[in-house]
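Structure assessment
Residues per chain are reported as follows:
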Amino acid sequence: MQLFDDLEDFGEFDDFVAGDVRDPHTELGRLRREEPIQRIEIPGLPGEEGKPIFMVYRYEEAQQLLRDNETFSSSIIIQAFGDVFGKYVILGMDEPEHGRHRSLIAKAFSQKALARWEDDLVTKIGTALIDRFADRGSAELTKEFTFPYPTLIIAGLLGLPQEDYAQFQKWSISLLSFTYNPERGREASQALAEYFAPILEARRSDPRDDLISGLAHAEIDGEKLSDEEIYSFLRLLLPAGVETTYRALGNLLYGLMTHPDQLDAVRADRSLLPQAIEEAVRWEPPLIMITRVATRDTELGGVHIPAGCSVMPVLAAANRQEGRYEDGDSFNIFREAKPNISWGHGVHVCLGMHLARMEMRVALNLLLDRLPNLRLDTTDDPYIRGQAFRSPTALPVLFDPVGSTA
């Protein structure tokens, strides 16, 4: 599979987006035990001005608030990010509007629908990326594999021209910079709308077997989606489908390569891959927290929460809760299987989780098959970092070089 000529064409995520925080878990664990629902005053964050913010650190309360979408509304997402993602972004919709929009898109992301993409798109992209370094004996997987991999897949699902893939990735980075560089985010948002406009028009008149064509001809209550509704979803797909998968895959690889016995077990028995993926997203979720807003005065975990307050379940804390996960700070693919909350919960459970799991499974199978004796090069002390989004600083690896299959 021919890809774009130079991976250097791809941008890099800004350090500010991740933040160079090596270990948030010690403090998160303390808060989970001592102050499981924390009231704090932070000016400038989403929510009604002058109202406190509540951080939720325990699994039970996080699950409860995500299940109760009437009391804890997702509309704050549009308030915070509507300028960049658009007013129709489904992450910020409540029922019944959310359900109607999600049902149109969900079929494209079902396990059955994605099965046909595994060989035709995902495996080919992973193989083509590995071909670039398989005969070298070393690689930096963040730049050479985990970063471009999900972008190429999403662009392929959308049916975009390959020469636009690198620009597609750069727009994703710009959208995520919105919180500290609003102008840059708005410019990327407008550029994406202008980019998609002729493609959407073409798909309406001449549909293809791609996601944009599916959105162009989808209907809600007999009415087709407007251009702006489609743009909102496509803008969301960039950070949701690209950035979190890139980070989750990096965390999975780091977890396995820093625990060689578990990597060897997966190498020998690939049926362990699903539990390895779930353990990785539990242990180090790519996104530490999400946000809701209280629609009325309520109580959570014995704490009074006034209407209009932001309420933020901290996934990274809930996923390591004592009593639910034995030695929750450790990466252990053999632990007793229990659901984690990294994929969300309730009506807003991650729409793309089946795609993300498939991408991670295919990627690890390919890397283990193509790169014998794959191991982490610890010379530069790579580590996982981040205060909002978490992933490795780098993934330098060594392996026994073999000939490329290109």
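Read on for an overview of the structure.

The rules behind these values
Residues numbered from 1 in each chain as written. Predicted model: local features only at pLDDT ≥ 70, side-chain atom pairs only at ≥ 80, totals over all residues. Heavy atoms only, no water. Helix = DSSP H or I, 4+ residues; strand = E, 2+ residues; numbered from the N terminus. Expected span 1.5 Å × (residues − 1). Bend = angle between axes of the 7 residues up to and from the residue. Buried < 20%, exposed > 50% of the residue type's maximum accessible area, 1.4 Å probe, protein only. Pairing = 2+ DSSP bridges. Axes fitted to C-alpha atoms, helices over the stretch in contact; angles between N-to-C directions. Parallel < 35°, antiparallel > 145°, perpendicular 65-115°, else oblique. Left-handed = near helix turned anticlockwise from the far one by under 90°. Contact = heavy atoms within 4.5 Å.

Moving on to helix 12 (residues 227-257). Compared with an ideal rise of 1.5 Å per residue, which puts 31 residues at 45 Å, helix 12 spans 45 Å between its outermost C-alpha atoms and is within 8% of the ideal. Of all the bends in helix 12, the largest measures some 30 degrees and sits at Leu237, one to four residues before the proline Pro239. Among the 31 residues that make up helix 12, 27 are buried, leaving the element largely enclosed by the rest of the structure.

Here three strands make up an open sheet; going across it, the order is 4-14-11 and the pairing antiparallel. In the strand order of this sheet, the two ends are held by strand 4 (138-140) and strand 11 (375-376), each with one partner. Where strand 11 and strand 14 (residues 396-398) come together, two bridges link them in antiparallel fashion. Residue pairing across strands places Arg375 opposite Leu398, the latter belonging to strand 14.

It is a general feature of regular strands that their side chains alternate between the two faces of the sheet. Here strand 10 (residues 310-313) shows no split at all, with Ser310 and Met312 on one side and Val311 and Pro313 on the other all buried. Bridge analysis of strand 2 (residues 53-56) against strand 10 gives four bridges, and the strand direction is parallel. Pairing of Ile53 across the sheet is with Ser310, part of strand 10. Taken together, the two bridges between strand 7 (residues 292-294) and strand 10 define a ladder with antiparallel strand orientation. Opposite Val293, over in strand 10, you have Ser310 as the bridge partner.

Between helix 12 and helix 16 (residues 353-370), the least distance of the axes is 10 Å, while the angle of their chain directions is 45 degrees. By the criterion of interaxial angle, the relationship of helix 12 to helix 16 is oblique. Where helix 12 crosses over helix 16, the two elements pack in a sense that is right-handed. Listed contacts from helix 16 to Thr245, Ala248, Leu249, Leu252, Leu253 and Leu256 of helix 12 are Ala356, Glu359, Met360, Ala363, Leu364 and Leu367.

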